[in-house]
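Read off the chains here:
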Amino acid sequence: MDIRLKTVPYEYCGHKLNLRCNMNVLADLQVEGSLDALLDENRCMRSFNMLMAAMINDAARADGVDLHVTHREFGRTIGWKDFARLRSDIFGLLISAVADPDSGDESEGETKNAQTSEDTATA
């Protein structure tokens, strides 16, 4: 079983970032409200914007980029076509981060396009 975090490459404001849904992202989302609500909202646009903002902010911090975006600021930069194109991969990152691999909850179709990332951080 591969337990490495999945990533999706994304460019925001000229910065090439590798988005991932790690514990920092989940903690930031928890501050905004219940994670269960985020998962139960039928993958709506507001949830998408919140998830993207949290992942962009985390990726920027990890890369040492001076960038912080709110979900409302992010929402001003994306249209319906981009949402429709990205939502499966982005929500797939969230699902793969919280799904229990032994329970069969992870939907392979939702995460098939998410790339596996090698953890290059040092302890």
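Before going into details, it helps to say that this report is about the structure given with it. (Residues numbered from 1 in each chain as written. Predicted model: local features only at pLDDT ≥ 70, side-chain atom pairs only at ≥ 80, totals over all residues. Heavy atoms only, no water.)

A full pass over the atoms with the stated rule returns six aromatic pairs. On the basis of an interplanar angle of 85 degrees and a centroid distance of 5.0 Å, the ring pair of phenylalanine 48 and phenylalanine 83 is categorised as edge-to-face. With phenylalanine 48 in helix α3 (residues 45–63) and phenylalanine 83 in helix α5 (residues 80–98), this residue pair connects regions lying 35 residues apart in the sequence. One exposure class covers both phenylalanine 48 and phenylalanine 83, and it is buried. Taking 5.3 Å as the distance between ring centres and 45 degrees as the angle between the ring planes, the aromatic pair formed by tryptophan 80 and phenylalanine 83 counts as tilted. Of this pair, tryptophan 80 and phenylalanine 83 both sit in helix α5, three residues apart, which is roughly one turn of that helix. The class for phenylalanine 83 is buried, based on a relative accessible area of 5%. Through pairs of rings, three or more aromatic residues link up here, namely Tyr10, Tyr12, Phe48, Phe74, Trp80, Phe83 and Phe91. (Phe/Tyr/Trp six-rings, centres within 6.5 Å; stacked < 30°, edge-to-face > 60°. Helix = DSSP H or I, 4+ residues; strand = E, 2+ residues; numbered from the N terminus. Buried < 20%, exposed > 50% of the residue type's maximum accessible area, 1.4 Å probe, protein only.)

Within the largest apolar cluster, 30 residues are counted, with the highest numbers of intra-cluster contacts made by Leu19, Ile56 and Ile90. Elements represented by at least two residues in this core include exactly β1 (6–12), β2 (15–19), α1 (23–32), α3 and α5. No other element matches the 10 residues that α3 contributes to this core. When near neighbours in sequence (up to four residues on either side) are disregarded, isoleucine 90 contacts Val8, Leu19, Phe48, Leu51, Met52 and Met55. (Core = buried A, V, L, I, M, F, W, Y, C linked by side-chain atoms within 4.5 Å. Contact = heavy atoms within 4.5 Å.)

Attention now goes to α1. The α-helix winds at 3.6 residues per turn, so residues separated by three or four positions along the chain end up facing the same way. For α1, the full list of buried residues reads Val25, Leu26 and Leu29. Projected onto a plane normal to the axis of α1, the buried residues spread over an arc of 95 degrees and lie on a single side. Among the exposed residues of α1, those oriented more than 90 degrees off its buried face are Met23, Gln30 and Val31. Measuring from the backbone nitrogen of asparagine 24 back to the side-chain oxygen at the start of α1 gives 3.0 Å, which picks out asparagine 22 as the cap. Of the residues flanking the end of α1, it is glycine 33, one or two places downstream, whose phi is positive at about 155 degrees. (Arc of directions from axis to C-beta. Polar contact = N/O pair within 3.5 Å; in protein donor to acceptor, adjacent residues only side chain to side chain.)

Inspection of the entire model under this criterion finds three salt bridges. Between arginine 61 and aspartate 58 there is a salt bridge whose closest N-O contact spans 4.0 Å. Here the residue arginine 61 and the residue aspartate 58 both occupy positions in helix α3, the gap between them amounting to three residues, near one helical turn. The class of arginine 61 is partly exposed, set by a relative accessible area of 47%. Owing to a relative accessible area of 8%, aspartate 58 belongs among the buried residues under this scheme. Connected through salt bridges with shared partners, the residues Asp28, Asp58 and Arg61 form a single ionic network. (Salt bridge = Lys/Arg side-chain N within 4 Å of Asp/Glu carboxyl O.)

Let us now look at the side chain of asparagine 49. Positionally, asparagine 49 belongs in helix α3. The exposure class assigned to asparagine 49 is buried, which follows from its relative accessible area of 15%.

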